[in-house]
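Observations on the model geometry
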Amino acid sequence: SKHCVELDTRTANVTVKPFDLDMGFRFELHITISGKKINVSEIPKLAISKDWMRDKLELHFYKTEQAAGGGEIKDVTYNKSSGTAVITFLRPG
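These numbers come from a predicted model, not from an experiment.

1. Looking at the environment of K36
When you line up the elements, K36 lands in the loop between β3 (30-34) and β4 (37-41). Sequence spacing of K36 and I87 is 51 residues, and the spatial spacing of their C-alpha atoms is 8.2 Å. Contacts of K36, omitting those with residues within four sequence positions, involve I87, T88, F89, L90, R91 and P92. Engagement of the side chain of K36 in a polar contact is seen with the backbone oxygen of L90, the distance being 3.3 Å.

2. Here we look at the pattern of salt bridges
When the charged atoms of two side chains with opposite charge come close together, those side chains can pair. This model, assessed by the stated rule, comprises one salt bridge. The salt bridge involving D51 is made with R54; its shortest N-O contact spans 2.1 Å. Here D51 and its partner R54 are both found in helix α1 (residues 50-63), three residues apart, which amounts to about one turn of the helix.

3. Comments concerning the pairing of strand β1 (residues 2-7)
Within β1, only zero of the six residues are buried, leaving the element largely exposed. Note: β1 against strand β2 (residues 10-15), six bridges, orientation antiparallel. Paired with K2 across the bridge in β2 is T15. Here β1 folds back onto β2 in antiparallel fashion, the turn holding two residues, of which D8 has a positive phi close to 55°.

4. Here we look at the pairing of strand β5 (residues 73-79)
The two faces of a sheet get side chains in turn, since along a regular strand they alternate between them. In this sheet, strand β6 (residues 84-89) lies alongside β5 in antiparallel orientation, the contact comprising six bridges. Note on β6: the bridge partner recorded for T77 is V86. Connecting β5 to the antiparallel partner β6 that follows it, the hairpin turn spans four residues, and G83 within it adopts a positive phi of roughly 70°.

5. Focus on unusual backbone geometry
For E42, which is not a glycine, the phi torsion comes out positive at approximately 60°. Here E42 is to be found in the loop between β4 and α1. Given the relative accessible area of 53%, E42 is considered exposed.

6. Here we look at the side chain of T88
With respect to the element layout, T88 can be found in strand β6. Each residue touching T88, except ones within four places of it in the same chain, is listed here: K36, K37, I73, K74 and D75.

Definitions and limits used
Residues numbered from 1 in each chain as written. Predicted model: local features only at pLDDT ≥ 70, side-chain atom pairs only at ≥ 80, totals over all residues. Heavy atoms only, no water. Helix = DSSP H or I, 4+ residues; strand = E, 2+ residues; numbered from the N terminus. Contact = heavy atoms within 4.5 Å. Polar contact = N/O pair within 3.5 Å; in protein donor to acceptor, adjacent residues only side chain to side chain. Salt bridge = Lys/Arg side-chain N within 4 Å of Asp/Glu carboxyl O. Buried < 20%, exposed > 50% of the residue type's maximum accessible area, 1.4 Å probe, protein only. Pairing = 2+ DSSP bridges.

Now the structure itself:
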């Protein structure tokens, strides 16, 4: 657990310690459905990047294809400050 790291002209002794990553998030979404687009609102503000949230939304709505909704995604537009997103599908459904 102890390591020696050389940084430029200095040497630093470091100790590795385990830590927990908070990876799981659970939240409720409110949606409005219209042809090829879904408007999602009331997305909670989480301490994750915009890209990560966009990926989570895309995966969620793509996976719901087997559950009589969703499908292949064309675009996800996410606005972190307003807590909204627009999911655009390739085909209407």
